[in-house]
Amino acid sequence: MTLRPLNGAAVGATEVRGSVIFTVESAPLADAPLQGDPGETVTVPLVFDAFRCEGHAVGDAKQPFGFTVWVLLDDADPIPTPITVPDAQREDLWAMLDDRCGRTD
C-alpha cells in the first residue's frame, strides 16, 4: 500500500486490521509505526491470508474486504481509514480463500 501526502504533510501508518474472513499484516508495523518525512511517499507492505473457512462465516460476511489502516498525518492522532480493494484483487482473495479452504468447485 502506498501513502502519498498532500500539501507536504508527513504521512505514516501505525497498524492494519483484517476482516472477519481475511487477515492483513504488515511486518514493519509489528515493530513500530512507519512515518515518512514531510512530502515523502511511504510504502506499507501488506500480506493477506484467509483464516475462516466455515460456510456461515463466509456466507454471512457483510464486509469481507473491510480492511483498515490507521494513518498518521503530521503530528495528529492516527485516523482509521478503509483500505480500498479493487475488483481484480477481490477475485484474487476469493481464489486464495477457495485454495486455503480446499474448495475445488
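Everything that follows concerns the structure shown earlier in this document.
These lines cover the structure that appears in this document, whether it is placed above or below.

Regarding the state of the cysteines
Simply put, disulfide is the name for a covalent bond between the sulfur atoms of two cysteines. Summed over all chains, the structure comprises 1 disulfide. Residue pairing for Cys 53: its cysteine sulfur links by disulfide to Cys 101, the two sulfurs lying 1.9 Å apart. The sign of the -85° torsion about the S-S bond sets the Cys 53-Cys 101 disulfide as left-handed. Of the two residues, Cys 53 sits in the loop between β6 (47–50) and α2 (55–60) while Cys 101 sits in the segment after α3 (87–100), which places them 48 residues apart along the sequence. Using a relative accessible area of 34% as the deciding quantity, one classes Cys 53 as partly exposed.

Some thoughts on the nonpolar core
Leu 3, Phe 22 and Phe 67 are the most contacted members of the largest nonpolar core, which has 21 residues in total. When residues of this core are traced back to their parent elements, those giving at least two are β2 (11–17), β3 (22–25), β7 (67–73) and α3.

Remarks on the environment of Asp 99
Relative to the helices and strands, Asp 99 resides in helix α3. Judged by relative accessible area, Asp 99 falls into the exposed class, the value being 60%. Expressed as a C-alpha distance, the spacing of Asp 99 and Ala 50, which sit 49 residues apart in the sequence, is 9.3 Å.

So, the packing of aromatic side chains
Scanning the model with the defined rule gives 6 aromatic pairs in all. With a centroid separation of 6.5 Å and an interplanar angle of 70°, the aromatic rings of Phe 65 and Phe 67 are classed as edge-to-face. Relative to Trp 94, the ring of Phe 65 lies with its centre 5.3 Å away and its plane at 80°, an arrangement referred to as edge-to-face. With Phe 65 in the loop between α2 and β7 and Trp 94 in helix α3, this pair connects stretches of sequence that are 29 residues apart. Trp 94 sits in the partly exposed class, given a relative accessible area of 28%. Aromatic rings pair up to connect Phe 22, Phe 48, Phe 65, Phe 67 and Trp 94 into one cluster.

Here we look at unusual backbone geometry
If you check the backbone angles, Asn 7 has positive phi at about 55° while not being a glycine. In this fold, Asn 7 is placed in the loop between β1 (2–3) and β2. One non-glycine residue, Asp 74, lies in the positive phi region at around 50°. Structurally, Asp 74 is set in the loop between β7 and β8 (79–83).

About the thresholds
- Residues numbered from 1 in each chain as written.
- Predicted model: local features only at pLDDT ≥ 70, side-chain atom pairs only at ≥ 80, totals over all residues.
- Heavy atoms only, no water.
- Disulfide = S-S within 2.5 Å.
- Helix = DSSP H or I, 4+ residues; strand = E, 2+ residues; numbered from the N terminus.
- Buried < 20%, exposed > 50% of the residue type's maximum accessible area, 1.4 Å probe, protein only.
- Core = buried A, V, L, I, M, F, W, Y, C linked by side-chain atoms within 4.5 Å.
- Phe/Tyr/Trp six-rings, centres within 6.5 Å; stacked < 30°, edge-to-face > 60°.

So, to be careful, I would describe these as geometric facts and stop short of saying anything about function.
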